[in-house]
Amino acid sequence: MYKMVTCDLDETLLTDDKKITEKNIKAIQDAVTRGVYFVPNTGRNYLTVQDNLRELGLFQKKNEYVISFNGGAIVENKNNRFLKVNAMAFETIEELFKLGVEHNFCVHVYSLHKLYIWNMNQSEIDYLTGRINGWADLKENNIDELRGKELVKILFYVPSAKERIALRKFVTQKMNKNLNITFSSDRYIEFNDPAADKGEATIQLGEQLGIKPEEIIAIGDNSNDLPMIQKTGMGVCVNNGKDFVKEKADYITKRDNNHSAVAEVIEKFVL
């Protein structure tokens, strides 16, 4: 019997127009009614998930949780209480930021409570609107103003898959950094502390709740979802997910993110 479902948001739970389908909402609420935890597991800031939690009936609920920043934080929904934070050293963020500036990428830097963006462009505005609102623009080619803040993630908008792969290789081999490096949404390369990944955070939350890894279903679509797909009892890739994720999944949905893939999983394995 599965006791937890943890699920990516963008390109998994959410449709391309950033909505949760009625079928997904009903299936999730039915699962929660039966005592199953539904845990959004996202690369985003937990604050951007609040409207989704309202739709699902999980907003400000005690003993309900969100995993955010690719495992950088585990947050209880009631009062947005932090259970676990895996922050990054300022010096590491600063070095990566300089690399992003050197390549003229659009760079996102996440503190626990706010998103800062350098070199914003129209493509990013279009993508983020409806997903993430209220970011702060970084005006300077440095992050001196962020010194002293608790920083948990940095990413670059890099539309070319080939360039993302090359960047991962460069950072791993040339910068001598021990990092969790992942891709998401066919546009980002993301950098986290090595202790922060979606899978490890899922296992940690499960341990706190008395839930074993084999009692957890994890649903995702891209490389930052692989740790939770591989570390849980039932790893699921939605039909629109990447082929390399499908190869590692225990189950591939027949539906895609626009046609209630999450409901398919819950109906098949939970209800």
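Everything in this summary refers to the structure shown in the same document. (Residues numbered from 1 in each chain as written. Predicted model: local features only at pLDDT ≥ 70, side-chain atom pairs only at ≥ 80, totals over all residues. Heavy atoms only, no water.)

### Looking at the overall build of the chain
Across its full length, the chain holds 10 helices and 14 strands. Against the globule reference of 18 Å for 271 residues, the chain gives a C-alpha radius of gyration of 18 Å, in line with a compact fold. When its C-alpha atoms are laid out on the principal axes, the chain stretches across 50 × 40 × 35 Å. Within the chain, buried positions represent 57% of all 271 residues. Looking at the chain alone, contacts between residues at least 24 apart form 61% of all its contacts between residues at least 6 apart. Carbon and sulfur atoms provide 45% of the accessible area of the chain, an area that totals close to 11600 Å². (Helix = DSSP H or I, 4+ residues; strand = E, 2+ residues; numbered from the N terminus. Rg over C-alpha atoms; globule rule 2.2 N^0.38 Å. Buried < 20%, exposed > 50% of the residue type's maximum accessible area, 1.4 Å probe, protein only. Contact = heavy atoms within 4.5 Å. Areas by Shrake-Rupley, 256 points an atom, 1.4 Å probe, with all protein chains shown as cover.)

### Brief notes about the sheet that holds strand β5 (residues 81–85)
Paired through backbone hydrogen bonds, the strands of a sheet run either parallel or antiparallel to each other. With antiparallel pairing, the 3 strands of this open sheet are ordered in space as β3-β4-β5. Looking at the sheet topology across the chains shown, the edges are occupied by β3 (65–68) and β5. For this sheet, the mean inter-axis angle between neighbouring strands, taken without regard to orientation, is 20°. Where strand β4 (residues 73–76) lies against β5, 4 bridges are found, and the strand directions are antiparallel. What sits directly across from Val75, in β5, is Phe82. Relative to the sheet, helix α7 (residues 198–209) contacts β3, β4 and β5, its axis offset from that of β3 by approximately 155°. (Pairing = 2+ DSSP bridges. Axes fitted to C-alpha atoms, helices over the stretch in contact; angles between N-to-C directions.)

### Overview of the pattern of salt bridges
If you walk through the whole model with that rule in mind, you get 17 salt bridges. The shortest N-O distance in the salt bridge between Lys198 and Asp225 comes to 2.6 Å. Of this pair, Lys198 sits in helix α7 while Asp225 sits in the loop between β12 (216–220) and α8 (226–231), and the two are 27 residues apart along the sequence. Note on accessibility: Lys198 and Asp225 belong to one class, buried. Bridged by salt links that share partners, the residues Asp10, Glu11, Arg44 and Arg131 form one connected network. (Salt bridge = Lys/Arg side-chain N within 4 Å of Asp/Glu carboxyl O.)

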